[in-house]
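Inside the fold
Here's the letter readout for the chains.
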Amino acid sequence: MEKDIGDEEKKEESLDHQTGTNVSDEFTYLQRNEFTSEVYKIEVRNLGYFGIGELKKLLRNKLNLDMSKIKSPTHKEFAFVCFRSQADQQKAIQTLNGYKWKGKVLRAFAAKASADPLQKKRKENQNEKQAYPVNKKQRTSIEATCPLAGLPYEEQLKQKSSNMEELIKNFKAELTKINKSATKPLEDFKFEGVERSPQITGYRNKNEFTVGKSSTGEIVVGFRLGSYADGSVEVSEVEHLPHLPDAAKWAARTFQQLVRHSKYEPFNPEINSGHFRQLMVRTSSQTKEIMLVVGIYSSNLNKTDLEELKNELIDYYNKRSQEESQFICTSLYYQDVKHREAGQMISPIEHLSGTTHITDNISDLQFRISPLAFFQINTAAADILYQKAISLAQPQLHSTVLDIYCGIGSIGLAFAKHCKRVLGVEIIPDAVNDAEYNAKKNKIQNCKFLAGNADDYIQSMVKEVVYSTAPGEQLDLIAVVDPPRAGLHTRSITAIRAASAIKRLVYIACNPERARLNWIELGRPESKQFKGDPFFPKTAIAVDMFPHTTHTELIVLFERQTETENLIENNPEKTEENSIKE
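Residues numbered from 1 in each chain as written. Predicted model: local features only at pLDDT ≥ 70, side-chain atom pairs only at ≥ 80, totals over all residues. Heavy atoms only, no water.

What the protein chain contains, in helices and strands, is 17 helices and 23 strands. Within the protein chain, contacts between residues separated by at least 24 positions form 69% of all contacts whose residues are at least 6 apart in sequence. Counting only carbon and sulfur atoms, one obtains 48% of the accessible surface of the protein chain, whose full area is about 29,000 Å². (Helix = DSSP H or I, 4+ residues; strand = E, 2+ residues; numbered from the N terminus. Contact = heavy atoms within 4.5 Å. Areas by Shrake-Rupley, 256 points an atom, 1.4 Å probe, with all protein chains shown as cover.)

Turning next to the nonpolar core. Ranked by internal contacts, the top residues of the largest apolar core, which has 49 residues, are Leu-413, Phe-415, Phe-449, Val-480, Val-506, Ile-508 and Ile-555. Broken down by element, the residue count for this core peaks at eight residues, all from helix 10 (residues 379-393). Shared between two domains, this core takes at least three residues from each, and those domains are domain 2 (153-198 + 378-566) and domain 3 (206-361). Not counting chain neighbours up to four residues away, the residues in contact with Val-480 comprise Val-401, Leu-402, Asp-403, Ile-404, Ile-411, Phe-415, Val-506 and Ile-508. Residues Val-462, Val-465, Leu-488 and Phe-535 belong to the second largest nonpolar core, which totals 46 residues. (Core = buried A, V, L, I, M, F, W, Y, C linked by side-chain atoms within 4.5 Å. Buried < 20%, exposed > 50% of the residue type's maximum accessible area, 1.4 Å probe, protein only. Domains from an automatic or database assignment.)

If you walk across this open sheet you meet the four strands as 2-3-1-6, and the pairing is antiparallel. Both edges of this open sheet fall to strand 2 (67-71) and strand 6 (107-110), since each of them pairs with a single strand only. Averaged over all pairs of adjacent strands, the angle between their axes in this sheet comes to 25°, without regard to strand direction. The pairing of strand 1 (residues 40-45) with strand 3 (residues 78-83) spans six bridges and is antiparallel. (Pairing = 2+ DSSP bridges. Axes fitted to C-alpha atoms, helices over the stretch in contact; angles between N-to-C directions.)

This part takes up the packing of aromatic side chains. A complete count under the given rule lists ten aromatic pairs for this structure. Both rings, one in Phe-255 and one in Phe-276, keep their centres 5.8 Å apart while their planes meet at 85°; by these two values the pair is edge-to-face. Taken as a pair, Phe-255 in helix 8 (residues 246-261) and Phe-276 in strand 11 (residues 276-283) lie far apart in primary sequence, 21 residues in all. Each member of the pair, Phe-255 as well as Phe-276, is classed as buried. Consider the rings of Tyr-507 and Trp-519, whose centres lie 6.0 Å apart with planes at 90°: the pair is edge-to-face. Note that Tyr-507 is positioned in strand 21 (residues 502-509) and Trp-519 in helix 15 (residues 512-523), a separation of twelve residues in sequence. Owing to a relative accessible area of 1%, Trp-519 belongs among the buried residues under this scheme. The rings of Phe-171, Tyr-507, Trp-519 and Phe-558 are connected pair by pair, giving a single aromatic cluster. For Lys-41, the ring lying beneath its charged end belongs to Phe-80, and the centroid distance is 4.7 Å. For the cation-ring pair, Arg-45 lies above Phe-78, with the distance from its terminal atom to the ring centre recorded as 4.5 Å. (Phe/Tyr/Trp six-rings, centres within 6.5 Å; stacked < 30°, edge-to-face > 60°. Lys NZ or Arg CZ within 6 Å of the ring centre and 35° of its normal.)

So, about the sheet that holds strand 18 (residues 421-426). Strand order in the open sheet made by the eight strands is 7-22-23-21-20-17-18-19, with mixed pairing throughout. The sheet is open, and its two edges are formed by strand 7 (190-195) and strand 19 (447-451), each paired on a single side. Between one strand axis and the next, the sheet turns by 15° as a mean value, whatever way the strands run. Bridge analysis of strand 22 (residues 535-543) against strand 23 (residues 553-560) gives eight bridges, and the strand direction is antiparallel. Bridge assignment links Ala-542 to a residue of strand 23, and that residue is Leu-554. Here helix 13 (residues 454-468) sits on the sheet and contacts strand 17 (399-404), strand 18, strand 19, strand 20 (476-481) and strand 21; the angle it forms with strand 18, its principal contact strand, is near 160°.

Quick look at the UniProt feature "binding site: S-adenosyl-L-methionine" (unreviewed entry) in the protein chain now. Look at the UniProt record and you will see "binding site: S-adenosyl-L-methionine" (unreviewed entry) annotated at Gln-376, Tyr-405, Glu-426 and Asp-482. Checking the named residues against the second largest cavity, the ones that line it are Tyr-405 and Asp-482. Take Glu-426: its relative accessible area is 11%, and that puts it in the buried class. Setting aside residues no more than four positions away along its own chain, Glu-426 makes contact with Tyr-405, Cys-406, Gly-407, Ala-431, Val-432, Leu-450, Ala-451 and Gly-452. (UniProt positions renumbered as here; feature names shortened; annotations may be inferred. 1 Å grid on protein atoms, 1.4 Å probe; cavity = no way out; pocket = protein on both sides within 12 Å on 5 of 7 lines; lining within 4 Å.)

Next up on the list: the side chain of Thr-539. As for its position among the elements, Thr-539 is in strand 22. The class of Thr-539 is buried, set by a relative accessible area of 10%. What Thr-539 contacts, discounting residues up to four positions off in sequence, is Phe-189, Lys-190, Glu-192, Leu-392, Ile-555, Val-556 and Leu-557.

Taking 1.5 Å per residue, 15 residues should reach 21 Å; helix 10 reaches 21 Å between its end C-alpha atoms and fits that length. Along helix 10, the positions that sit buried rather than exposed are Thr-379, Ala-381, Ala-382, Leu-385, Tyr-386, Ala-389, Ile-390, Leu-392 and Ala-393. Elements in contact with the buried residues of helix 10: strand 15 (358-362), helix 11 (410-416), strand 20, strand 21, strand 22 and strand 23. Looking one or two places after helix 10, you find Gln-394, whose phi comes out positive at around 50°. (Expected span 1.5 Å × (residues − 1).)

Locating Leu-167 in the fold gives a position in helix 6 (residues 153-178). With relative accessibility at 7%, the residue Leu-167 sits in the buried group. Sequence-wise, Leu-167 and Glu-513 are 346 residues apart; in three dimensions their C-alpha atoms are separated by 7.1 Å. In this view, Leu-167 contacts Pro-512, Glu-513, Arg-516 and Trp-519; residues no more than four positions away in its chain are not counted.

All right, on to the pattern of salt bridges then. Throughout the structure, instances matching the rule amount to 24 salt bridges. Ionic pairing is found between Glu-195 and Lys-388, a salt bridge with its closest N-O pair at 3.7 Å. With Glu-195 in strand 7 and Lys-388 in helix 10, this pair connects stretches of sequence that are 193 residues apart. Look at Glu-195 and you get partly exposed, because its relative accessible area is 27%. Linking Lys-310 and Glu-307 is a salt bridge whose minimum nitrogen-to-oxygen distance equals 3.6 Å. On the criterion of helical spacing, the pair formed by Lys-310 and Glu-307 is a turn pair, its members being three residues apart in helix 9 (residues 303-323). One continuous salt-bridge network, built from bridges that share partners, spans Glu-174, Glu-513 and Arg-516. (Salt bridge = Lys/Arg side-chain N within 4 Å of Asp/Glu carboxyl O.)

Below, the structure is given as structure tokens:
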């Protein structure tokens, strides 16, 4: 992209007054001395229909290409593949160009980098403003985070119930088109409405605040009002937000004071400068503990400066604990938040002071929670969520429950007293350690937790259950999944479907719209990719884990439909004829 360097007046007008950068240059980020997947990107064409998993397997395992990322548009004929060096990029082009895969000859070539989405959006907004001058009102933090806060709570529940009904209606129509055998089972699929949250305000036990600047240029610790891709990096304070507990507001307010008085700067995402990037706050309504995880961008800090900054954090919160009585930071962590290395799943953390965990309760169970472990955001509503999941699953004393994405074991431990055994799997080792500790703490002995990728462990977990079942002993295997917002990986779906011993599946969705894609895969007709009889939904119930927001947690019970059951339900007369002839 060319710049008009001859017009100094225009150049001056295009400068961002907070950063001094030229907002019209959408590719400045490529010149930074740091990794970005856009620099060494290639485009691979003529792929035909393909799965991301099988393409990764081809590139990494068969062709030994050291790729960092695959970007696949919705159009399934091509993909962008990113690398970390020019040498890796050139090797990939030479290897893939002309390579024959699945009956097609591939074409590969260097791809142009994408424009910085923030600068691109700003340029678009600037052009629109010049063409159509309007005074566009910036939305507030309550509009960005709690859009339903202006409605009475009963009205919020009605709106959420209506949204879930519409989503389920669309899902049923889509699945029926793909699998005609689902028609009859879907007629019996029931939605039982939305359960209210026992706690409506101050319910969030975990919050992730951004360090940035307000529209007036003041340093703020709070929530972003928009996304980077939408052209917004503005941060707004959180004092008036109804879903945050007072302890979280205290944490944001006091950390904001620290940053404002520190010689170290807030992180600037536009030019990757500065240091203070984010603050994660975990609170416990039971013990009043407060855990703080301070995210620092360390790429531009030397070892001495970094140690000084860590000591500044320790001294600041030690002093506050001596001066205050209502709120005290009981656990302090440092987190190194920058571009992750190849294969790195999470940003590393370091314990600075206080305890290493906090403790909270769901119903009569006590849980130890490590900094990065998953724990339900709304503790009071989590008890309702788990009891509804147990009620739908109907475990028996001879049942085994597979807790996929088990976190610190909260779901599995809730199921434990209703079944023979629980097997859980979780990718974060510290969370697995918490799960094992929590089982012992609650004197529960029929749970086993494994550390690893759920996609790789499902089949081995099923085999362990099947092989350990004595001859003549009844086998009842129930899978419970509570995946991240993105949903289950297709590999998990294929593993669950291929495990014929799993007859019932309880899917807990924090993002039902995204989860709908998983539900379609569960109900597809059997194929080369999706082996095993499909799962069809029986009952769904929502639990309002997030009052004042548009989000709802939805629990769906799926049951496996065998070929014989399909035949009986879809061709009852023909089946009766066949049985008479026999």
